[in-house]
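# Inside the fold
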Amino acid sequence: MSTDSRIIVSLDFPTAALAADLVTQLGAATTFYKVGLQLLTAAGPSVVRELVDAGKSVFLDLKLLEIPSSVAGAVTAAGHLGASMVTVHASGGSAVLRSAVQAASQFPQLKVLALTVITSMSDQDLEEVGVASTVPEQVVRLGRLAAAAGCHGVVSSPLEARLLREVLPLGALVVTPGTQLSGNEQNDHARAATPAQAIEAGATHVVIGRPISRALNPAAVFAAVRAELATAIPQR
């Protein structure tokens, strides 16, 4: 896997025009983008098609949590759009995860990622919603569930990547939001690390948003992240 393909840049914008401007600034070096709920709601599925038509890979972060048939329908739609990754909440249970994997099987490029515990949550937040486990315990539990259901990988914070690498099958994807550069101000990710720390802990991909998208020179920041990751040694 190339260093460039490990970096997923978040297009967290309120309009397609702002997202397109960042893609233009980053140019050919950036090959992987995340489209989440904000941009998808504002701009519609055409934004995904345009990225795919331009030769980019798309991580479609839908965070699906619905009955199995509805999840299967949404995953099928993601496949038709040409997305490379789509997210489903592991907390929906094995039936939901299996339905997503089955729906994705007709699209060779599409990987189903099970979202474990969102990066804004802490142990106290889990307790508030009735989960007695700690965040690491819950992430590992859901990671095992995802693997058993046939998911291609999981989404977690960088802080759980090492634990997941110990329990997931060889070759499973570990995609980590909550990556920020040294010196960045705190954001709404309660569990964060630098891109290099995430890769060294066992992540296959890092998702980076504001440190790149809000930079004065996004291409320069992307190049710096790429150089940093080139020296990181992934855990096997």
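In case you missed it, the structure is sitting above this.
Residues numbered from 1 in each chain as written. Predicted model: local features only at pLDDT ≥ 70, side-chain atom pairs only at ≥ 80, totals over all residues. Heavy atoms only, no water.

### Remarks on the pairing of strand β5 (residues 111-115)
Where a strand is regular, its side chains alternate between the two sheet faces. Counting buried residues along β5, four of its five residues qualify, which places the element largely inside the surrounding structure. Pairing between strand β4 (residues 85-89) and β5: five bridges, direction parallel. When the sheet's bridge partners are listed, Val88 is paired in β5 with Ala114. Handedness of the β4-helix α6 (residues 94-104)-β5 crossover: right-handed. (Buried < 20%, exposed > 50% of the residue type's maximum accessible area, 1.4 Å probe, protein only. Helix = DSSP H or I, 4+ residues; strand = E, 2+ residues; numbered from the N terminus. Pairing = 2+ DSSP bridges. Right-handed = clockwise from strand over helix to strand, strands pointing away.)

### Concerning the sheet that holds strand β7 (residues 173-176)
Spatially, β1-β2-β3-β4-β5-β6-β7-β8 is the arrangement adopted by the eight strands of the closed barrel, whose pairing is parallel. Recorded for the sheet is a direction-independent mean angle of 25° between the axes of neighbouring strands. Of the strand pairs in this sheet, strand β6 (residues 153-155) and β7 are connected by three bridges, and their pairing is parallel. Bridging from a neighbouring strand, Gly153 pairs with Leu173 of β7. (Axes fitted to C-alpha atoms, helices over the stretch in contact; angles between N-to-C directions.)

### Overview of the side chain of Thr116
Structurally, the position occupied by Thr116 is in the loop between β5 and α7 (123-128). Polar side-chain contacts of Thr116 include one of 2.7 Å to the backbone oxygen of Val155. When neighbours within four sequence positions are excluded, Thr116 is seen to be in contact with Val139, Leu142, Gly143, Val154, Val155 and Ser156. (Polar contact = N/O pair within 3.5 Å; in protein donor to acceptor, adjacent residues only side chain to side chain. Contact = heavy atoms within 4.5 Å.)

### Thoughts on the nonpolar core
Grouped together as the largest cluster of nonpolar side chains are 66 residues, with contacts concentrated most on Leu11, Val75 and Val88. Apart from the residues lying within four places of it in its own chain, the contact partners of Val88 are Leu64, Val71, Val75, Val96, Leu97, Ala100, Val112, Leu113, Ala114 and Leu115. With ten residues, the next largest nonpolar core counts Ile8, Leu113, Leu115 and Val175 among its residues. (Core = buried A, V, L, I, M, F, W, Y, C linked by side-chain atoms within 4.5 Å.)

### A few points about the side chain of His89
Residue placement: His89 occurs in strand β4. Once you skip the residues sitting within four places of it in the chain, His89 turns out to touch Lys63, Leu64, Leu65, Leu97, Leu115 and Ile118.

### Digging into helix α5 (residues 68-81)
For α5, which comprises 14 residues, the first-to-last C-alpha distance of 20 Å matches the rise-based estimate of 20 Å (1.5 Å per residue) to within 8%. Along α5, the positions that sit buried rather than exposed are Val71, Ala72, Val75, Ala78, Gly79 and Leu81. Against α4 (46-53), β3 (57-64), β4 and α6 lie the buried residues of α5. Trailing α5 by a residue or two, Gly82 shows a phi angle of about 95°, which is positive. (Expected span 1.5 Å × (residues − 1).)

### As for the pattern of salt bridges
In total, this model carries four salt bridges according to the counting rule given. Of the charged contacts, one joins Asp61 and Lys34 as a salt bridge, the two residues approaching to 3.8 Å between their closest N and O atoms. Of the two residues, Asp61 sits in strand β3 while Lys34 sits in strand β2 (residues 32-35), which places them 27 residues apart along the sequence. A salt bridge links Lys63 to Asp61; the shortest N-O distance between them is 2.6 Å. Residue class for Lys63 comes out partly exposed when judged on its relative accessible area of 30%. Given the relative accessible area of 7%, Asp61 is considered buried. (Salt bridge = Lys/Arg side-chain N within 4 Å of Asp/Glu carboxyl O.)

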